[in-house]
Amino acid sequence: MGRSTEPEDGAPGGGAPFGLIDVAGDSMVPTLRDGDQLLVRYGARIRPGAVVVFRHPFQQNLLVVKRADGRRPKGWWLLSDNRPVDSDSRSYGAVPDELVLGRVLLRLRPRPAWLAPGRRLERLLLGTPLARIPGLARRLGVWVRPEELPIS
């Protein structure tokens, strides 16, 4: 969940497609923690693995930060990084495209960290042999599920 500088009407205003989000809660641990401040690019293209900001499907005045797991017929399947926390698509289903507002680019506070690498960097970090370097992909903002790591 989060507090935001996103305009009231839900669309970025005046040509500045960026905003700040303050993280509230532990659903994105270990990637994000309560109190982290994030830079969001509203209207950015979403792809699986991206950390996104969206309006909660049942409480649209509530902004939520989750990871895009993939596209489904009715929208995006969005999951918590902290898997025991199931306040995500497992409880409310796929989130319609119009509720997904943007992509988190980086964590500003408490320690800056890039969360949105480009496609080329992502492919490079997921290919062997770089994927075998423990934690390298995650440090550069690429989400890797343990089952997707290459076996050495």
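Residues numbered from 1 in each chain as written. Predicted model: local features only at pLDDT ≥ 70, side-chain atom pairs only at ≥ 80, totals over all residues. Heavy atoms only, no water.

Draft legend 1. Broad picture of the overall build of the protein chain. Looking only at helices and strands, one finds three helices and eight strands in the protein chain. The helix and strand sequence of the protein chain, counted from the amino end, reads β-β-β-β-β-β-α-β-β-α-α. Counting over 152 residues, the protein chain shows a buried share of 45%. Look at the contacts in the protein chain between residues 6 or more apart in sequence, and 49% of them connect residues 24 or more apart. Surface summary for the protein chain: the accessible area is close to 8400 Å², and the carbon and sulfur share equals 55%. (Helix = DSSP H or I, 4+ residues; strand = E, 2+ residues; numbered from the N terminus. Buried < 20%, exposed > 50% of the residue type's maximum accessible area, 1.4 Å probe, protein only. Contact = heavy atoms within 4.5 Å. Areas by Shrake-Rupley, 256 points an atom, 1.4 Å probe, with all protein chains shown as cover.)

Draft legend 2. Broad picture of unusual backbone geometry. Between V29 and the following residue, P30, the backbone shows a cis peptide bond with an omega angle of 15°. Inspection of the secondary structure assignment puts P30 in the loop between β2 (18-23) and β3 (37-42). Cis geometry marks the peptide bond from R109 to P110, where omega comes out at 10°. One can find P110 in the loop between β7 (100-109) and β8 (113-114).

Draft legend 3. Seen up close, the packing of aromatic side chains. Going through the model one piece at a time under the given rule, you end up with two aromatic pairs. Judged by centre distance (6.4 Å) and plane angle (55°), the ring pair of F54 and Y92 falls under tilted. Of this pair, F54 sits in strand β4 (residues 51-55) while Y92 sits in helix α1 (residues 89-92), placing them 38 residues apart in sequence. The class of Y92 is buried, set by a relative accessible area of 9%. Seen from their ring centres, F58 and Y92 are 6.5 Å apart, and the 90° between their planes marks the pair as edge-to-face. On the criterion of sequence distance, the pair formed by F58 in the loop between β4 and β5 (63-72) and Y92 in helix α1 is long-range, its members being 34 residues apart. Aromatic rings pair up to connect F54, F58 and Y92 into one cluster. Taking the ring centre of W77 as reference, the NZ or CZ of R72 above it sits at 4.2 Å. (Phe/Tyr/Trp six-rings, centres within 6.5 Å; stacked < 30°, edge-to-face > 60°. Lys NZ or Arg CZ within 6 Å of the ring centre and 35° of its normal.)

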